[in-house]
Structure formats: structure tokens, C-alpha cells
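Structural overview
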Amino acid sequence: MTETTMPPAGGSRDRQRDLRPPESADGEKRTLLTFLDYLRESVVRKTEGVPDDAADTPLVPSGTSLFWLLRHLTAVELNWFVWAYEGHDGPPWEDEPQSGGETREQLVAAYSDAIARANAVIEACDDLERPGARSLRSTPPPTMRWVLVHMIEETGRHAGHADILRELHDGSVGR
């Protein structure tokens, strides 16, 4: 992916290198997955260079921190793709996690593992209209298309939260 340096907001903020949105991809599934991967990587990049204790410290009244976002997105990836769509046995993963004392390296590794598992489920799906095994909501199981679009929305929303948390932490701004 291509990087760009965003101009400082208000002239006094540090610049943070952000990824540019992806170029076009072949086919609907590849396009959706390319945008989801772009957002996943954007969230991870927002945690770079932040000390672990600071990244695990909530900066807003809701209790959200950069590390909370990584924990939450890890669980959401596993819940929608592995538990709901694929039908993995056992209960869903906890998606409202508390601080676990992990390092950035551990959290990024867990998120990367969840992404790899989710991507394997996506790649195995040959029909975006096929519903999954079950739903996390009280609705019929959603299609892979719905899960992909939902995860783009979910990850994009939290990438925006990560932008704000990073700016509150050290003034770095991005898009």
C-alpha cells in the first residue's frame, strides 16, 4: 500500500504517516477484502510508537483505549467470521474486553491471527450470498457479503476512534 504524510492540523501537530485507500481490486469479494485489510492495518498502525501502558490507558469516559480497540476487533473478527459464519463450536469470544496487561506485540499477534482465521473463512466462501451457520444477533444468519460490509463498517468506525485516541495521546493526526 502507498503511504502519504498528512499535513499538520492547525499547523502545530505532529504528522503521522497514514495509508492511502487501496486501489481497485478484481471482483467484489477481493474489493471488499482489500478495503477490510486496509482498515485493519490502519488500526494497527495507530498503535505504533505508543508505550504499552499509555496505549492501554483509556483517554475517553467510555473507557476506550488503543489496546481496547485491538482486543475488541480481535474478538469481533473471530465472532463474525469464525463463530457465526463458519459455525465454530463453543461460545462467542468476549467482545467487551477488559485490560489484560498484554503488550502491543502480543495484541497485534492475536489480531493478526484472528485476521488470518477470518481471511481463511472468507477465501473458502465461493458465494457471497450464502448465509453463514448462525448470527450474533436475533436474526437469520447473514450472508458473507453482509458480514464483510459489516466488518468494514465496524473496523472503519474503530479506526476513526484510534485516530482520535492517538491525537489525544501525542498530538499525532492522520486522516
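Below, the structure is looked at part by part.

Thresholds, definitions, all that
- Residues numbered from 1 in each chain as written.
- Predicted model: local features only at pLDDT ≥ 70, side-chain atom pairs only at ≥ 80, totals over all residues.
- Heavy atoms only, no water.
- Helix = DSSP H or I, 4+ residues; strand = E, 2+ residues; numbered from the N terminus.
- Buried < 20%, exposed > 50% of the residue type's maximum accessible area, 1.4 Å probe, protein only.
- Contact = heavy atoms within 4.5 Å.
- Areas by Shrake-Rupley, 256 points an atom, 1.4 Å probe, with all protein chains shown as cover.
- Salt bridge = Lys/Arg side-chain N within 4 Å of Asp/Glu carboxyl O.

As a further point, take the overall build of the chain. Regarding its fold elements, the chain presents 5 helices and 2 strands. The helix and strand sequence of the chain, counted from the amino end, reads β-β-α-α-α-α-α. Counting across all 175 residues of the chain, residues that qualify as buried make up 43%. Taking the intrachain contacts of the chain between residues at least 6 apart in sequence as the baseline, contacts between residues at least 24 apart amount to 69%. Roughly 8900 Å² of accessible area belongs to the chain as shown, and the carbon and sulfur atoms make up 51% of that amount.

For side chains bearing opposite charge, pairing can occur when the charged atoms are close. On inspection of all chains with the given rule, the structure shows 12 salt bridges. Note that arginine 145 is salt-bridged to glutamate 28, the shortest N-O span being 2.7 Å. With arginine 145 in helix α5 (residues 144-170) and glutamate 28 in helix α1 (residues 28-46), this residue pair connects regions lying 117 residues apart in the sequence. Given a relative accessible area of 25%, arginine 145 falls into the partly exposed group. Overall, the relative accessible area of 40% leaves glutamate 28 in the partly exposed class. Between aspartate 163 and lysine 46 there is a salt bridge, and its shortest N-O distance comes to 2.7 Å. Here lysine 46 lies in helix α1 and aspartate 163 lies in helix α5, a separation of 117 residues in the sequence.

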